[in-house]
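Survey of secondary and tertiary structure
Residues per chain, in single letters:
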Amino acid sequence: SGQIQRTHGGATLSSAGIAQFRFVRSRDNLLPEKRAIARVAAARIAPGMSVVLDTGTTALEVARELRSIRDLRILTTSLPIAAELHDAPGLELVLLGGTVRRGLPDLTGPLTERNLAEFRVDIAVLGADAVEPVGIFTNDLSVARVAQAMVKAAKTSILVVDHSKFSCRSFVKYADWEQFDLVVIDSKLPANSHDWLAKAGPELVLA
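Keep in mind that this is a model prediction, so the values were computed, not measured. (Residues numbered from 1 in each chain as written. Predicted model: local features only at pLDDT ≥ 70, side-chain atom pairs only at ≥ 80, totals over all residues. Heavy atoms only, no water.)

Here's the deal with the packing of aromatic side chains
Evaluation of the coordinates by the stated rule reveals three aromatic pairs. Between Y174 and F180 the ring centres are 6.5 Å apart and the planes differ by 75 degrees, which places this aromatic pair in the edge-to-face class. The exposure class of Y174 is buried, given its relative accessible area of 5%. The structure contains a cluster of three or more aromatic residues connected by ring pairs, namely F166, W177 and W196. (Phe/Tyr/Trp six-rings, centres within 6.5 Å; stacked < 30°, edge-to-face > 60°. Buried < 20%, exposed > 50% of the residue type's maximum accessible area, 1.4 Å probe, protein only.)

Structure below.
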């Protein structure tokens, strides 16, 4: 099936297998917390809305919650989200074009950014690789540019992050706190982070 590459006397993960393993490992990390976050975020989305979903594993859990909501328009740059929603009844799915990011199943680049500029949506749901008092961060500059375009296209922006992102550092800031309307985090958010986040501006909900 292409998941391993045969070698003399054994086998190693193929490049396709490595990419899939990285995504699955990230998806399965803190899965109960991500699902709780997804349920809270999805509760803000109603029939008839248009939504853009970013590429994160928490956004994938939000997508799974949205399968039961009819008359939605979903835009995404995530190939796993597109695979999850392509057969959902009563849902219009738009996969934004672009370049497949090396080693990860999502789309970025100038084409993605130009396509996003043509849309106006009700809600954007985004994740992060790290969050700090000064803003929201990701590890990839091209992902940051797409995330900024998603926030710009939306009336309301929701950040979905688990508590582990508060102990990480990342490469590039893609948004300030005042650019988000709602932040949904699991209930294991550290108390010291809760203090500054409560003053950052967005509505805060613990899942």
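Points about the pattern of salt bridges
Overall, the coordinates contain 14 salt bridges when judged by the stated rule. A salt bridge links E132 to R169; the shortest N-O distance between them is 3.7 Å. Taken together, the residues E132 in strand β9 (residues 130-132) and R169 in the loop between β11 (154-161) and β12 (172-175) connect sequence positions 37 residues apart. Residue class for E132 comes out buried when judged on its relative accessible area of 15%. R169 sits in the exposed class, given a relative accessible area of 72%. Note that K165 and D162 form a salt bridge whose closest N and O atoms lie 3.0 Å from each other. Each member of the pair, K165 together with D162, is buried. A single salt-bridge network, built from bridges that share partners, covers R35, E61, R64 and E84. (Salt bridge = Lys/Arg side-chain N within 4 Å of Asp/Glu carboxyl O. Helix = DSSP H or I, 4+ residues; strand = E, 2+ residues; numbered from the N terminus.)

Points about the side chain of S157
Mapped onto the elements of the fold, S157 is located in strand β11. On the basis of relative accessibility, which here comes to 2%, the residue S157 falls in the buried class. Filtering out sequence-adjacent residues up to four positions away, S157 remains in contact with A124, V151, Q179, F180, D181 and L182. (Contact = heavy atoms within 4.5 Å.)

Overview of empty space enclosed by the protein
On inspection of all chains with the given rule, the structure shows one cavity of 30 Å³ or more. Put simply, the largest cavity is a space of about 60 Å³. D54, T55, T77, D106, T108, V143, V146, A147 and M150 together form the lining of the largest cavity. In terms of residue class, the lining of the largest cavity is built from four nonpolar, three polar and two charged. (1 Å grid on protein atoms, 1.4 Å probe; cavity = no way out; pocket = protein on both sides within 12 Å on 5 of 7 lines; lining within 4 Å. Points joined across faces, edges and corners; volume = space filled by probe spheres on them. Nonpolar A, V, L, I, M, F, W, Y, C, P; charged D, E, K, R; others polar.)

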